[in-house]
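Tertiary structure, described
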Amino acid sequence: MSGELLAFFILALVAIVGGVLLLNLTKVVHMVVALVFTFLALAGLYVTLSAEFVAVVQVLVYSGAITIIMLFGIMLTKHDDDEVRRPHSWKTIFVTLGIIGFFLVMYFSINDLQLGEQATTLHENNVMQIGTELYSKYIIPFELTSVLLLVALIGAIILSKKDDKEDEVNE
């Protein structure tokens, strides 16, 4: 087993565990920490694929996204810490067995997979290739995504301001 394959398995395991914890935790701050581990593991996976620029963008963009998600989570959710969730032992066992089974199937199906010749031009001018594709072929989806994110941010601000006005009226 090569070091690259070992790094892939470790980073993939961290990403999967972070995703599962994100879905199972109840406190917003703990969920955000799990999301941080998932995003950092994905950035590490990009590094193992020799896509360093995408890894740096992953960290920079999603670090900002995590801050926004944390603000959304704190502003838009009710914080009832009195509710205690009881773990479902059978459900946990089945999910764990499913994850292990999926891992084994994927490992044995791609372990000896031959993909042919490796592309040699992927590592040359990586940033220039991404910029050319993004601003020529994918300019419309890029702009629509930026408008959608702006609308979501404005909507969150309006929703949080509306709650403040309702609290003032109730007092």
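Residues numbered from 1 in each chain as written. Predicted model: local features only at pLDDT ≥ 70, side-chain atom pairs only at ≥ 80, totals over all residues. Heavy atoms only, no water.

1. Looking at the overall build of the protein chain
The cut-off we apply is this: Where helices and strands are cited, they refer to DSSP runs of H or I of at least four residues and of E of at least two residues respectively, numbered from the N terminus. Think of it in three bands: residues with accessible area under 20% of the maximum for their type are buried, residues over 50% are exposed, and the middle band is partly exposed, with areas taken using a 1.4 Å probe on protein chains only. Any two residues having at least one pair of non-hydrogen atoms within 4.5 Å are treated as being in contact. In this description, accessible areas are obtained by the Shrake-Rupley approach with a 1.4 Å probe, and a residue is regarded as covered only by the protein chains that are shown.
The helix and strand tally for the protein chain stands at 6 helices and 0 strands. In the protein chain, the succession of α and β elements from N to C terminus is α-α-α-α-α-α. For the protein chain, the residues scored as buried account for 13% of the 171 residues in total. A separation threshold of at least 6 residues defines the contact pool for the protein chain, and within that pool the share at least 24 residues apart is 60%. Element-wise, carbon and sulfur atoms account for 70% of the exposed surface of the protein chain, whose accessible area totals about 13800 Å².

2. Some remarks on the packing of helix H1 (residues 3-24) against helix H2 (residues 28-48)
For clarity, the threshold we go by: As a rule, the C-alpha atoms of each element are fitted with a line to give its axis, helices using only the stretch in contact, and angles between N-to-C directions run from 0 to 180 degrees. We call two directions roughly parallel when the angle between them is under 35 degrees, roughly antiparallel when it is over 145, roughly perpendicular when it lies between 65 and 115, and oblique otherwise. Here a crossing is taken to be left-handed if its near helix is turned anticlockwise relative to the far helix by less than a right angle, and right-handed if that turn runs clockwise. Under this grouping Gly is polar, as are all residues other than the nonpolar Ala, Val, Leu, Ile, Met, Phe, Trp, Tyr, Cys and Pro and the charged Asp, Glu, Lys and Arg.
Look at H1 against H2: their axes get within 8 Å of each other, and the N-to-C directions meet at 155°. Between H1 and H2, the angle is such that the two are roughly antiparallel. Crossing geometry of H1 relative to H2 is assigned as left-handed. On H2, the residues touching Glu4, Ala7, Phe8, Leu11, Ala12, Val14, Ala15, Gly18, Gly19, Leu21 and Leu22 of H1 are Met31, Ala34, Leu35, Phe37, Thr38, Ala41, Gly44, Leu45 and Thr48. By residue class, the composition of the contact of H1 with H2 is 14 nonpolar, 5 polar and 1 charged.

3. What to know about the nonpolar core
Filter applied, for reference: The set of buried Ala, Val, Leu, Ile, Met, Phe, Trp, Tyr and Cys residues whose side-chain atoms join them within 4.5 Å is what this entry labels a nonpolar core.
Grouped together as the largest cluster of nonpolar side chains are 5 residues: Val28, Val32, Leu35, Phe39 and Ile66. Looking at this core, the element that brings in the most residues is H2, giving 4 residues. In this structure, Val32 is in contact with Ile66 and Met70, ignoring residues within four places of it in sequence.

4. What to know about the packing of aromatic side chains
Which entries qualify depends on this criterion: Ring pairs shown here join Phe, Tyr and Trp side chains whose ring centres sit within 6.5 Å, with only the six-membered ring taken for Trp; geometry is labelled stacked below 30 degrees between planes, edge-to-face above 60, and tilted in between.
Going through the model one piece at a time under the given rule, you end up with 8 aromatic pairs. Summarising the aromatic geometry, the rings of Phe9 and Phe103 are spaced 5.6 Å apart at their centres and angled 70° between planes, so their arrangement reads as edge-to-face. One end of the pair, Phe9, is in helix H1; the other, Phe103, is in helix H4 (residues 89-110), with 94 residues separating them in the sequence. For the pair Phe103 and Tyr107, a centre-to-centre distance of 6.3 Å together with 20° between the ring planes defines the contact as stacked. Residue Phe103 and its partner Tyr107 are both found in helix H4; the two are separated by 4 residues, about one turn of the helix. Taking the relative accessible area as the measure of exposure, Phe103 reaches 44% and is therefore partly exposed.

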